Amino acid sequence: MKYKILIVEDNQKLASLFQEALGDEYNTHPAFNLKQAKACLDGIHGLLLDLQLPDGEGLSLIKPARQINPSCVIIVVTAYGTIQKAVEALKLGATDFLEKPVDLEALVQRFQNLFPLQESKDLVAESAKMVEMLQMADRVASTPFPVLITGETGTGKDVLAHYIHQHSGREKFIGLNCASVPHELADSMLFGHLKGSFTGATETRKGLLSAAEGGTLFLDEIGELPLSLQPKLLRFLDSGCYLPLGSSQESKSDARIIAATNKDLKKAVKEGFFRKDLHFRLTTFPIHIPSLGERKDDIIPLVNYHLERVEQMLGRRVCLSDSAKELLLEYHFPGNVRELFNLLDRTSLLTGGDITDSSLRSFLSPPTEDELVPGDFWSESRGHVLKREKELIDAALAATGGNKAAAARALKVSYKTLLNKMKKLGL
């Protein structure tokens, strides 16, 4: 069974582009106004929502979508300069937002990342390092202490943040990717503002700290938070008080802060990009997620967990050969769990569900020179790898009727990468 995504967008050409981008992996259905959308909310797993519609505001769909399916993934699309609408959407229960013009690859990636997150009740933890990490998370979950989650890209920092929240007894969870917010609007988004406090502030609005009252505010990529706002966040962590933009009267919130980063914040402190006192405060309770290469015992359990989901989506059995499992255990996984899941998605689709070491090999990233081991599987001839790449591209093009854009999405590479590969292989 494929996830069903409702695309609410009054621009029919843009709606078609969204459908084309998402159509290979999901069942998509367009609605061009509020009336049509309200009639289509039953049974959806995801909602791509334009906030400006001809018969009203898209914001009014968030609450009923949440009532019908509490785990619905809701991504709102905002026009440039309407970032405050995105804030309102997050307060009402939206999962994430994207600004126009929408990067279609980023859109697909957001849904890919968020769907497993919504259905994930627990983390896979078979290795000793992960068991120890989850024990730490369990100990801190019910406390008000801030948590700083560190780890490489793709290790599952957002999943761990949800895990901690789910075990905290708190109500709402609001997430914000600090890297996606324009610096000039970050203050207003986090702390709110008064009417007239800046050009375009036509009304007083509360920020995400207020919206997260009684819940959790997850600040992903905290290393990207503007330096000018870091003292305000520190003040809130110390006292629970903050000053909305343009206000002389402090506000209070009991929102719990969970932050995450793949950056070396100690290095950022030394270089002057991150405040030492804020780093010290955030590390009241730090939790580090080990890379997948450091937790080999989790690889096969993660494979089994994810293939169950893939089988449900594809509606067919997926088998992984013993040699394929051995290959995964040898591989270094620079993209961590996210790379593993994407790899399984690709090969499940392109092999018809019979995954062998041969079908996996050409999708794996070769290690750096420092990581090469004489006689390992990368010593195999480059000619074999190129041959396998050609076979996979041919299969993707055949499956999509020669549509290169659709083939690129099936292979989970950019359109430009596919064209370069085809040129190199003489296709």
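In case you missed it, the structure is sitting above this.
Residues numbered from 1 in each chain as written. Predicted model: local features only at pLDDT ≥ 70, side-chain atom pairs only at ≥ 80, totals over all residues. Heavy atoms only, no water.

The next subject is the overall build of the chain. Tallying secondary structure elements over the chain gives 19 helices and 16 strands in all. Here the chain has a C-alpha radius of gyration of 23 Å; the compact-globule value for 427 residues is 22 Å, and the two agree. Reported as C-alpha extents along the three principal axes, the dimensions of the chain are approximately 70 × 50 × 35 Å. Taken over 427 residues, the chain has a buried fraction of 50%. Long-range pairs, those at least 24 residues apart, make up 69% of the contacts in the chain with a sequence separation of at least 6. Here the chain has roughly 19,800 Å² of accessible surface; of this, 52% comes from carbon and sulfur atoms. In the chain, 51 positive and 55 negative side-chain charges are present, and the distance between their average locations comes to 4 Å. (Helix = DSSP H or I, 4+ residues; strand = E, 2+ residues; numbered from the N terminus. Rg over C-alpha atoms; globule rule 2.2 N^0.38 Å. Buried < 20%, exposed > 50% of the residue type's maximum accessible area, 1.4 Å probe, protein only. Contact = heavy atoms within 4.5 Å. Areas by Shrake-Rupley, 256 points an atom, 1.4 Å probe, with all protein chains shown as cover. Lys, Arg positive; Asp, Glu negative; His and termini not counted. Charge placed at Lys NZ, Arg CZ, Asp CG, Glu CD.)

What follows concerns the sheet that holds strand β10 (residues 216-220). Strands sit in the order β9-β10-β13-β8-β14 across an open sheet of five strands; the sheet is parallel. Two strands lie at the open edges of the sheet, namely β9 (173-177) and β14 (286-288), each paired on one side alone. The mean angle between the axes of side-by-side strands here comes to 20 degrees, regardless of whether they run parallel or antiparallel. Both strand β8 (residues 147-150) and β14 contribute to a ladder of three bridges, which runs parallel. (Pairing = 2+ DSSP bridges. Axes fitted to C-alpha atoms, helices over the stretch in contact; angles between N-to-C directions.)

Looking now at the sheet that holds strand β3 (residues 46-50). Backbone-to-backbone hydrogen bonds join strands into a sheet, with any given pair of strands oriented parallel or antiparallel. Across the sheet, which stays open at both edges, the five strands sit in the order β2-β1-β3-β6-β7 with parallel pairing between neighbours. Two strands close off the open sheet at either side, each with one partner strand: β2 (27-31) and β7 (96-99). Mean inter-strand twist for the sheet, computed between neighbouring axes without regard to direction, equals 20 degrees. Judged from the four bridges that link them, strand β1 (residues 4-8) and β3 form a sheet pairing that is parallel. Bridge pairing links I7 to L48 in β3. Contacts from helix α1 (residues 12-22) reach β1, β2 and β3 within the one sheet, and its direction differs from that of β1 by about 160 degrees.

Tracing the backbone through its elements, the reader meets K63 in helix α3 (residues 62-68). Since its relative accessible area comes to 56%, K63 is described here as exposed. Separated by 187 residues in the primary sequence, K63 and E250 place their C-alpha atoms 30 Å from one another.

Below, the discussion takes up the packing of helix α13 (residues 299-314) against helix α15 (residues 336-350). Taken N-terminus to C-terminus, the directions of α13 and α15 make an angle of 45 degrees; their axes are 10 Å apart at the nearest point. In terms of their interaxial angle, α13 and α15 are classed as oblique. The two elements α13 and α15 cross, and the hand of that crossing is right-handed. Two secondary-structure elements touch here, α13 through I299, L302, V303, Y305, H306, L307, R309, V310 and L314 and α15 through V337, L340, F341, L344, D345, S348 and L349. Tallied by class, residues from the contact of α13 with α15 come to 12 nonpolar, two polar and two charged. (Parallel < 35°, antiparallel > 145°, perpendicular 65-115°, else oblique. Left-handed = near helix turned anticlockwise from the far one by under 90°. Nonpolar A, V, L, I, M, F, W, Y, C, P; charged D, E, K, R; others polar.)

This part covers unusual backbone geometry. Trans is the common state for peptide bonds, and a negative phi is the common state for residues other than glycine. Although it is not a glycine, E221 adopts a positive phi angle of roughly 50 degrees. One can find E221 in the loop between β10 and α10 (230-239). Phi is positive for N336, close to 60 degrees, though the residue is something other than glycine. Mapped onto the secondary structure, N336 falls in helix α15. Residue classification places N336 among the buried residues on the basis of a relative accessible area of 0%.

Take the packing of aromatic side chains next. In the structure shown here, the tally under the stated rule is six aromatic pairs. Ring centres of Y26 and F111 lie 6.2 Å apart, and the angle between their planes is 55 degrees; this geometry places the pair in the tilted category. Highlighted residues: Y26 in the loop between α1 and β2 and F111 in helix α5 (residues 104-119), separated in sequence by 85 residues. Owing to a relative accessible area of 2%, Y26 belongs among the buried residues under this scheme. By relative accessible area, which is 0% here, F111 ends up buried. Put simply, the rings of F191, F236 and Y242 pair up and form one aromatic cluster. (Phe/Tyr/Trp six-rings, centres within 6.5 Å; stacked < 30°, edge-to-face > 60°.)

Before going further, it helps to examine helix α8 (residues 183-191). The buried count for α8 comes to seven of nine residues, which makes it a mostly enclosed element. Following α8 by one or two positions, G192 adopts a phi angle in the positive range, close to 85 degrees.

One can find F97 in strand β7. Sequence separation between F97 and A86 is 11 residues, and the spatial gap between their C-alpha atoms is 6.4 Å.

Just distances and angles here, no functional claims.
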